[in-house]
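Spelled out from the first residue to the last, the chains are:
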Amino acid sequence: MRSGAALRDALLHLLERKSFDQITVRDICAEAGVHYATFFRHHPGKEALLDHIAAEQIATSVELTLPIKDAGDDRGSLAALCAYVAEHRQLWAILLNGGAGTTMRGEWLRHARMVSETRDSVTTWLPKELGTICSTSLIVETIAWWLTQPRDAYSAEQVADILHRLISASTFAKG
């Protein structure tokens, strides 16, 4: 358990100084203070470690935002998501726009599909799965864009407003 956390922390620290492509498993082990073989007891490669971190972040964001959305506060849910991303901006920029972008997007859509299965469709004309794909993609790509902007260009509140307006204006959000 401790080794797994040390490996995650080590990769994150290294990502602050180097690009993912420049980091080796040996670098991660040295930073974590664990033996090389220990790494492979936890992960088959550095990509798997990055994917694991990405999946944890998506799960955390869903746990944070879903109760707010379920209480009927869509705008509040988006604000909580954006505040969380802003608080972990460097990590999310690395994950979403870097080495784990595909995993982040896939995990986000997987969670959205699981939630969608327990909900009624919000439209009568659009298949529920397509609406889930469209709304999830809109949120993911807006946040990915935000993370490429200068840090002070848009606040978390501004991005939450943008997302809320985009989703509210979208034809897939209306019946």
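Notes on the structure follow. These numbers come from a predicted model, not from an experiment.

## Points about the overall build of the protein chain
Inference 1: Assigned secondary structure in the protein chain consists of nine helices and zero strands.
Inference 2: The N-to-C order of helical and strand elements in the protein chain reads α-α-α-α-α-α-α-α-α.
Inference 3: Across its three principal directions, the C-alpha atoms of the protein chain cover 55 × 35 × 25 Å.
Inference 4: Across the 175 residues of the protein chain, 41% fall into the buried class.
Inference 5: A separation of at least 24 residues holds for 63% of the contacts in the protein chain among residues at least 6 apart in sequence.
Inference 6: By element, 54% of the accessible surface of the protein chain is carried by carbon and sulfur atoms, the whole surface being about 9,500 Å².
Inference 7: If the 18 positive side-chain charges of the protein chain are averaged to one point and the 21 negative ones to another, these points end up 3 Å apart.

## Things to note about helix α2 (residues 25-32)
Inference 1: Turning to α2, its buried residues number three or more, namely V25, I28, C29 and A32. In an axial view of α2, the angular spread of the buried residues amounts to 95 degrees, which keeps them on one side of the axis. Facing away from the buried side of α2 by more than 90 degrees, the exposed set consists of R26 and A30.
Inference 2: Phi turns positive, to about 75 degrees, at G33, one or two residues after α2.

## Considering the layout of surface pockets
Rolled over the atoms, a probe with the dimensions of a water molecule shows which regions are left empty.
Inference 1: If you add up the space inside the largest pocket, you get close to 980 Å³.
Inference 2: Along the walls of the largest pocket sit 33 residues, with K69, V115, S135, T136 and I139 positioned nearest its centre.
Inference 3: Of all the elements in the fold, those that place two or more residues in the lining of the largest pocket are α4 (46-70), α5 (74-87), α7 (101-117), α8 (128-148) and α9 (156-169).
Inference 4: For the lining of the largest pocket, the per-class residue count stands at 14 nonpolar, 13 polar and six charged.

## Remarks on the pattern of salt bridges
Inference 1: Summed over all chains, the structure comprises 10 salt bridges.
Inference 2: Put simply, D70 and R119 hold a salt bridge, and the shortest N to O gap is 2.2 Å. Within this pair, whereas D70 is found in helix α4, its partner R119 is found in the loop between α7 and α8, the two being separated by 49 residues in sequence.
Inference 3: Salt bridges sharing partners connect three or more residues here, namely R75, E157 and D161.

## Focus: the side chain of S116
Inference 1: Mapped onto the fold, S116 is located in helix α7.
Inference 2: A polar contact of 3.0 Å, which involves the side chain of S116, links it to the side chain of T132.
Inference 3: In contact with S116, not counting residues within four places along its chain, are K128 and T132.

## Describing the packing of helix α1 (residues 2-15) against α4
Inference 1: Here α1 crosses α4 at 95 degrees, and the two axes come no closer than 10 Å. Judged by the inter-axis angle, α1 sits roughly perpendicular to α4. When α1 is examined against α4, the residues L7, R8, L11, L12 and L15 are found in contact with a partner set consisting of K46, L49, L50, H52, I53 and E56.
Inference 2: Partitioned by chemical class, the residues of the contact of α1 with α4 number seven nonpolar, one polar and three charged.

## A word on the state of the cysteines
Inference 1: This structure, assessed with the given rule, holds zero disulfides.
Inference 2: Summary of cysteine pairing: C134 is not part of a disulfide, and the nearest cysteine sulfur, belonging to C82, is at 19 Å.
Inference 3: What makes C134 partly exposed here is its relative accessible area of 30%.

Thresholds, definitions, all that
- Residues numbered from 1 in each chain as written.
- Predicted model: local features only at pLDDT ≥ 70, side-chain atom pairs only at ≥ 80, totals over all residues.
- Heavy atoms only, no water.
- Helix = DSSP H or I, 4+ residues; strand = E, 2+ residues; numbered from the N terminus.
- Buried < 20%, exposed > 50% of the residue type's maximum accessible area, 1.4 Å probe, protein only.
- Contact = heavy atoms within 4.5 Å.
- Areas by Shrake-Rupley, 256 points an atom, 1.4 Å probe, with all protein chains shown as cover.
- Lys, Arg positive; Asp, Glu negative; His and termini not counted.
- Charge placed at Lys NZ, Arg CZ, Asp CG, Glu CD.
- Arc of directions from axis to C-beta.
- 1 Å grid on protein atoms, 1.4 Å probe; cavity = no way out; pocket = protein on both sides within 12 Å on 5 of 7 lines; lining within 4 Å.
- Points joined across faces, edges and corners; volume = space filled by probe spheres on them.
- Nonpolar A, V, L, I, M, F, W, Y, C, P; charged D, E, K, R; others polar.
- Salt bridge = Lys/Arg side-chain N within 4 Å of Asp/Glu carboxyl O.
- Polar contact = N/O pair within 3.5 Å; in protein donor to acceptor, adjacent residues only side chain to side chain.
- Axes fitted to C-alpha atoms, helices over the stretch in contact; angles between N-to-C directions.
- Parallel < 35°, antiparallel > 145°, perpendicular 65-115°, else oblique.
- Disulfide = S-S within 2.5 Å.

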